[in-house]
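# Structural overview for review
Now for the letters of each chain:
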Amino acid sequence: MVIPKEIIQNWLMGFGWVARLARRYHSTGLNADQVQAYKVFEDYCRFSPIKGKDILEIGPGQTLEVLEYAMAEGARSCMAVDVAEYISEERARRSGITYRLCDGKALPFESEQFDLIWSHTAFEHLRFPETTVVECCRVLRKGGLLIAKIDLGDHSSYGSGDPSRLFECLKYPRWLWDLMKWNRSSYVNRLRKSEWLQLLQQKGFRIRSCQAWESQEIEALLPRLPYLHAYSRDDAVTSTIAVCAEKLP
Ligand SMILES: C[S@@+](CC[C@H](N)C(=O)[O-])C[C@H]1O[C@@H](n2cnc3c(N)ncnc32)[C@H](O)[C@@H]1O
């Protein structure tokens, strides 16, 4: 990464109109692809039946389809919340899903309003992960589930064709990383697997399951990547997790 260029791009994205313009060209992941969205929906259904449930999705990006499938399969209500407006009012109205924007801190919902919270590759982008986890606990009913797939890679490295860069974000001190990325969609909070699990447990959840995917390339390259030596092997090689956490009574 060319640090001065990253800092300037981040500074420019601090202007609302630049961010809005850039958003038109963003790929947010599923990008409203119905086939991929259905697979994600099926993955969520493995953890809990959805009939009669009140469901919140955090960070849907451009994709309301996952929640539309849930509505079609009998969910009682579906709501989505994002920090950036990727969905038009008209699109949200047509789907029957309540779509809200938030500031990345408080969730704009009543306490104990949901049975399920779903999130697909959004938690790694949370600017205030601790606050969001506390807020998830607040808006879930007791026994409710938070199901989140979290991509732990450095999103800026994707497409580079260089697997050794998968966790390059961990090279930089936090102040510099924030200066390069805070305003950008490629910002990742860099929490590792053990830190996510610890945070959830500290804030009122019990971990029901955590599926983890590891990078074989990073495992092989580990001796040559000194910035990863501060982490346990597990944290140094885990590239994605899918966590199912239950709100404690
Ligand atoms: C990589 S996109 C994933 C979008 C979608 N879930 C998918 O898989 O296609 C991450 C999304 O999380 C949203 N996001 C980031 N921080 C958030 C927060 N604190 N609360 C809600 N959404 C957030 C971003 O605006 C973006 O829409």
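Look up a bit, the structure's there.
Conventions we followed
- Residues numbered from 1 in each chain as written.
- Predicted model: local features only at pLDDT ≥ 70, side-chain atom pairs only at ≥ 80, totals over all residues.
- Heavy atoms only, no water.
- 1 Å grid on protein atoms, 1.4 Å probe; cavity = no way out; pocket = protein on both sides within 12 Å on 5 of 7 lines; lining within 4 Å.
- Points joined across faces, edges and corners; volume = space filled by probe spheres on them.
- Helix = DSSP H or I, 4+ residues; strand = E, 2+ residues; numbered from the N terminus.
- Nonpolar A, V, L, I, M, F, W, Y, C, P; charged D, E, K, R; others polar.

In this approach, a probe sized like a water molecule rolls over the atoms, and the result shows the empty space that is left. Approximately 1,200 Å³ is the volume attributed to the largest pocket. Taken together, 42 residues make up the lining of the largest pocket; nearest its centre are Tyr86, His125, Arg127, Arg184 and Ser185. Broken down by secondary-structure element, the contributors of at least two residues to the lining of the largest pocket are helix H2 (16-23), strand S1 (54-58) and strand S2 (77-82).

By the definition in use, this model includes one cavity of 30 Å³ or more. Its volume calculated, the largest cavity comes out at about 30 Å³. Together, Phe123, Leu146, Ala148, Ile150, Leu200, Val243 and Ala245 line the largest cavity. Residue assignment for the lining of the largest cavity shows that the elements contributing at least two residues are strand S5 (140-151) and strand S7 (238-247). It is S5 that provides the largest number of residues to the lining of the largest cavity, a total of three residues. Tallied by class, the residues present in the lining of the largest cavity amount to seven nonpolar, no polar and no charged.

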